[in-house]
Amino acid sequence: MAEDIPVDVSGLNHWFGRGEARKQALFNVNLKVAQGSLTVLVGPSGSGKTTLLTLAGCLRDVQEGSIRLLGQELKGAQSDLQKTLRRRLGFIFQAHNLHGSLTALQNVLMGLQVHGRADPELQAKAARHTLTLLGLGDRIHYLPDNLSGGQKQRVAVARALVGNPDVVFADEPTAALDRESGATVVQMLKRLGQVRGTTTVMVTHDNRILELADRIVTLEDGRIVNDTAP
Amino acid sequence: MSQLLQALFGRLPIGWLQLTHNRTRFAAALAGVAFANVLVFVQLGIMNSMATATLKPYSFFQADIMISAPDANSMTEGSNVARQWMYQAMADRDVVAGTGLFVASVSWQRADKALGLTTYGVDPTQPVFLSPEMAKPASTLQLPNSGILDRFTRGLPRDETAAIRPQSPLSFEANGITLTLYDTFAGGGGFGGDGFMMVSDQTFLLQFPARSSGAPDHILLQLAPGADPDVVAARLRDVVSDKSLRIRSYAKAADEDLRYQQTKRPTGIIFGFGVIIGVLVGIVIVYQVLSTDVADHLSEYATFKAMGYGQGFFLSIVFEEALVLGVLGFLPGFAVANLLLLAMASATTLPLAMTAGMAVTVFIGTVVACSLSGAIATRRLVAADPADLF
Ligand SMILES: Nc1ncnc2c1ncn2[C@@H]1O[C@H](COP(=O)(O)OP(=O)(O)OP(=O)(O)O)[C@@H](O)[C@H]1O
Ligand SMILES: [Mg+2]
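Rules used throughout
- Residues numbered from 1 in each chain as written.
- Chains lettered and ligands numbered in written order.
- Predicted model: local features only at pLDDT ≥ 70, side-chain atom pairs only at ≥ 80, totals over all residues.
- Heavy atoms only, no water.
- UniProt positions renumbered as here; feature names shortened; annotations may be inferred.
- Helix = DSSP H or I, 4+ residues; strand = E, 2+ residues; numbered from the N terminus.
- Rg over C-alpha atoms; globule rule 2.2 N^0.38 Å.
- Contact = heavy atoms within 4.5 Å.
- Areas by Shrake-Rupley, 256 points an atom, 1.4 Å probe, with all protein chains shown as cover.
- Salt bridge = Lys/Arg side-chain N within 4 Å of Asp/Glu carboxyl O.
- Buried < 20%, exposed > 50% of the residue type's maximum accessible area, 1.4 Å probe, protein only.
- Near = heavy atom within 4 Å.
- Polar contact = N/O pair within 3.5 Å; in protein donor to acceptor, adjacent residues only side chain to side chain.
- Pairing = 2+ DSSP bridges.
- Domains from an automatic or database assignment.
- Buried area = accessible area lost by both parts, 1.4 Å probe.
- Core = buried A, V, L, I, M, F, W, Y, C linked by side-chain atoms within 4.5 Å.
- Expected span 1.5 Å × (residues − 1).

Where an unreviewed UniProt entry is consulted, chain B appears under the name ABC transporter permease, with the organism given as Pararhizobium antarcticum. Of chain B, the UniProt comment under Subcellular location (unreviewed entry) reads exactly: "Cell membrane".

Under an unreviewed UniProt entry, the name given to chain A is ABC transporter, and the organism recorded is Pararhizobium antarcticum. The UniProt entry for chain A carries the following text under Sequence similarities (unreviewed entry): "Belongs to the ABC transporter superfamily."

(A) Structural context of the overall build of chain A. Broken down by element type, chain A carries seven helices and 10 strands. Its C-alpha radius of gyration of 18 Å places chain A within 12% of the 17 Å reference for a compact globule of 230 residues. Principal-axis analysis of the C-alpha atoms gives chain A an extent of 50 × 40 × 40 Å. In chain A, of all internal contacts separated by at least 6 residues, the share reaching a separation of at least 24 is 67%. For chain A, the accessible area works out to roughly 10300 Å², and carbon and sulfur atoms hold 47% of it.

(B) Layout of the UniProt feature "domain: ABC transporter" (unreviewed entry) in chain A. This chain's UniProt record puts "domain: ABC transporter" (unreviewed entry) on residues 7-230 of chain A. Helix makes up 34% of residues 7-230 of chain A and strand 27%, with an end-to-end C-alpha separation of 20 Å.

(C) Region of interest: the pattern of salt bridges. All names here are of chain B. The tally for this structure, following the rule as stated, stands at 21 salt bridges over all chains. Of the charged contacts, one joins Arg11 and Glu320 as a salt bridge, the two residues approaching to 2.8 Å between their closest N and O atoms. Within this pair, whereas Arg11 is found in the loop between α1 (2-9) and α2 (14-21), its partner Glu320 is found in helix α12 (residues 311-348), the two being separated by 309 residues in sequence. You'll find Arg11 and Glu320 in the same group, each marked buried. Ionic pairing is found between Glu77 and Arg265, a salt bridge with its closest N-O pair at 2.3 Å. Placement of Glu77 in the loop between β1 (65-68) and α4 (84-90) and of Arg265 in the loop between α9 (250-263) and α10 (266-296) is noted, with a sequence separation of 188 residues between them.

(D) The arrangement of the site of ligand 1 in detail. Residues and elements named next belong to chain A. The environment of ligand 1 is formed by Phe16, Lys23, Ala25, Pro44, Ser45, Gly46, Ser47, Gly48, Lys49, Thr50 and Thr51. Lys23 places a polar side-chain atom, nitrogen or oxygen, 2.8 Å from an oxygen atom of ligand 1. Between ligand 1 and Thr50 there is a distance of 2.7 Å, counted from an oxygen atom to a side-chain nitrogen or oxygen. Its free accessible area being 620 Å², ligand 1 has 61% of it covered by the protein chains. Secondary-structure elements contributing two or more residues to the shell around ligand 1 are β2 (23-33) and α1 (49-56).

(E) Examining the pairing of strand β3 (residues 38-42) of chain A more closely. Residue and element names in this part refer to chain A. Burial within β3 is extensive, with five of its five residues counted as buried. Burial along β3 is two-sided: Leu38, Val40 and Val42 and Thr39 and Leu41, pointing in opposite directions, are all buried. Bridging between β3 and strand β8 (residues 199-203) involves four bridges; their strand directions are parallel. Among the inter-strand pairings, Thr39 is bridged to a residue of β8, identified as Val201.

(F) Examining the domain arrangement of chain B more closely. Residue and element names in this part refer to chain B. Along its sequence, chain B is carved into domain 1 (2-54 + 266-389) and domain 2 (82-244). Across the contact, eight residues belong to domain 1 and four residues belong to domain 2. Interface of domain 1 and domain 2: buried area, both sides summed, is about 530 Å²; carbon and sulfur atoms make up 69% of it. The largest share of the area that domain 1 buries against domain 2 comes from Ala53, Thr349 and Leu350, three residues that together contribute 68% of it. For the pair domain 1 and domain 2, the interface holds zero salt bridges. Joining domain 1 to domain 2, the criterion identifies zero residue pairs in polar contact (both at pLDDT 80 or more).

(G) Just unusual backbone geometry, in detail. Although it is not a glycine, Leu70(A) sits at a positive phi angle of roughly 50°. Within the secondary structure, Leu70(A) is located in the loop between β4 (64-69) and β5 (72-73). For Leu70(A), a relative accessible area of 4% puts it in the buried group. Unusually for a residue other than glycine, Asn175(B) sits at a positive phi of about 50°. Structurally, the position occupied by Asn175(B) is in the loop between β5 (170-174) and β6 (177-185).

(H) Summary view of the UniProt feature "domain: ABC3 transporter permease C-terminal" (unreviewed entry) in chain B. Under the local residue numbering, the UniProt record ascribes the feature "domain: ABC3 transporter permease C-terminal" (unreviewed entry) to residues 274-385 of chain B. This span, residues 274-385 of chain B, is 83% helix and 0% strand, and a straight line between its end C-alpha atoms measures 41 Å.

(I) Representation of the nonpolar core within the structure. Core analysis: the largest hydrophobic core is formed by 102 residues, its most contacted members being Leu12(A), Leu69(A), Met110(A), Leu131(A), Phe169(A), Phe304(B) and Leu325(B). In this structure, Phe169(A) is in contact with Val7(A), Leu53(A), Ala56(A), Gly57(A), Leu69(A), Leu89(A), Gly90(A), Phe91(A), Ile92(A), Val201(A) and Phe390(B), ignoring residues within four places of it in sequence. One finds Phe60(B), Val122(B), Ala138(B) and Ile148(B) within the second-largest nonpolar core, a separate group that totals 24 residues.

(J) Fine view of the UniProt feature "transmembrane region" (unreviewed entry) in chain B. Residues and elements named next belong to chain B. Following the UniProt record, the feature "transmembrane region" (unreviewed entry) maps to residues 26-46, 269-290, 322-345 and 352-376 here. Its end C-alpha atoms 33 Å apart, residues 322-345 is made of 100% helix and 0% strand. With 84% helix and 0% strand, residues 352-376 has end C-alpha atoms that lie 35 Å from one another.

(K) Up close: helix α5 (residues 149-161) of chain A. With 13 residues, α5(A) should reach 18 Å at 1.5 Å per residue; the first-to-last C-alpha distance of 19 Å fits that figure. Across the 13 residues that make up α5(A), a large majority, 12, are buried. For α5(A), the full list of buried residues reads Gly150(A), Gln151(A), Lys152(A), Gln153(A), Arg154(A), Val155(A), Ala156(A), Val157(A), Ala158(A), Arg159(A), Ala160(A) and Leu161(A). Contacts made by the buried residues of α5(A) are with β6 (89-92), α3 (104-113), α4 (120-133), β7 (167-171) and α6 (179-196) of chain A together with α11 (298-307) of chain B.

(L) Examining the side chain of Thr161(B) more closely. Residues and elements named next belong to chain B. Mapping Thr161 onto the fold places it in helix α6 (residues 158-162). A relative accessible area of 3% places Thr161 in the buried class. A distance of 3.5 Å separates a polar atom in the side chain of Thr161 from the backbone oxygen of Arg151. Polar side-chain contacts of Thr161 include one of 2.9 Å to the backbone oxygen of Arg158.

(M) Here's a closer look at the interface of chain A and chain B. Facing the 28 residues of chain A at the interface are 28 residues of chain B. Surface buried jointly by chain A and chain B totals about 2500 Å² across both partners, of which 64% is contributed by carbon and sulfur atoms. A per-residue breakdown of the area chain A buries against chain B is headed by His99(A), Ser101(A) and Met110(A), which together make up 23% of the total. Counting across the interface, chain A meets chain B through zero salt bridges. The interface formed by chain A and chain B includes eight residue pairs in polar contact (both at pLDDT 80 or more). Ranked by the residues each element gives to the side of chain A that touches chain B, the list is headed by α3(A), at five residues.

As structure tokens, this is what we get:
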């Protein structure tokens, strides 16, 4: 039943800095995200969207309140649990963060190899398939330096999705993408939600995505001020 | 290489790909490791040759126990030993024979230069104290003022030494007396002199009138078959009146001599230091390369952390890099060191050579040192925080 709500945030407060410089970034945030849904976070700059995303994505330690991710409490979670949970997530960052020494295919393979040893042939096949879905079938052996910004971002998307994650966290993933490939990515996420029950939490200002969202959560000054299903 | 590492680590050879991505840095790193290897090889080669040279004269003789003066740290150093202690020792039931060994340097003034010959005076009537290879040429030593010469003496043309035979001897003057060389033996240049010469004790005393037959430099003893030299030596230390004497088995005497050369003599210490410095240079270079590499890839590593990769994964990348640097740096280092040792050996006639033992030791040492630097370099990984990525 916990799996029906893969992300369950309650009473979450978060601060940055110490002493005089200590500043609260999130105030009593409560949010239940349904499995298979596409939830979009919006809000002005500095409203705490990224902070919430990194906390829910197990990349930052919870200070006060509770986050249950895939049924596991993140507050006080040991690094082993964090590692295990992170393997079930897919991250799409604003910056592509590809490894410059690895080809597109190798970068995507990194998303599979985290799960341990497996048949390299099968892994390569899966990676190639994902890249092809994202329109990069003819670029699989390119190094990131030889790819355009949008192509790099699509490789990063392939890396996040190739391992069939349970939850995808994305922070402005379409900022670097042109209209068409941005739509491809969001449609892919949407379809994964319907077919595989993949849950997506995404920060974006892209109006075309807002139309596809199951739910739009608006943050302002660290508080949820609006929560609608369009 | 890429495939080999992939099989070895069971994942993409990220370390290899990372290292080879920046060719210039990779080449510089390999050159650094190779340089450190050459440094260590040359120092080890010299140390080895010092050991060979130090132990060489011990191979000329056969004995079970050696008695030397307290200040005689090596074959050629220190005061004399009174022959009376030999007779005292020979009263022991296990001591079957004893002889005095004289040693001094004889200078052979040649047209172009003077050769220093480390010269041993032995009793030619007791060939049992000579090694089998030495016993045959030494049979000529009973002739007055005769000698046999190290055919590998530095500074002597090989054809000249090869011509020395009983039927075609070679004479030269030393200390105002004509010495005649009737035969040769295989010695080999050391650090103490240009070569060796063997004469009878009588000839030796004629060369050095100040020395007395009653006080040789060392006393050699042979024991009854089956007697333990260490046990008998301990017994003799009780029996012989002069408690300051060094009475120890012949093998132990050689060991002590070697340890003295390597740890007490400035040359030995310097070469020992050379090895340490070579190792340190290697560690610093590899550390520098690996820690820069880690620092350059912090955001990539943070991404991998966010994807669920653990500390072990990052350690294995750095270890992979260390292994690559160690193995690929060793090969050119080994090749260059071989050439260098050959060149040095032919220039000095010192027994400088690459040995399998050296190669294995340095190879293992290189990989260990590289891994060590790699392990230190991973401390920088802590800075890779996945929360900073968004
Ligand atoms: N590492 C940090 N150290 C200190 N303060 C931080 C840190 N990260 C964020 N903050 C602060 O927390 C608040 C929320 O920041 P956050 O990055 O979550 O906003 P955001 O909604 O993602 O903004 P944007 O749309 O510009 O990305 C801001 O006031 C910001 O200054
Ligand atoms: Mg943000």
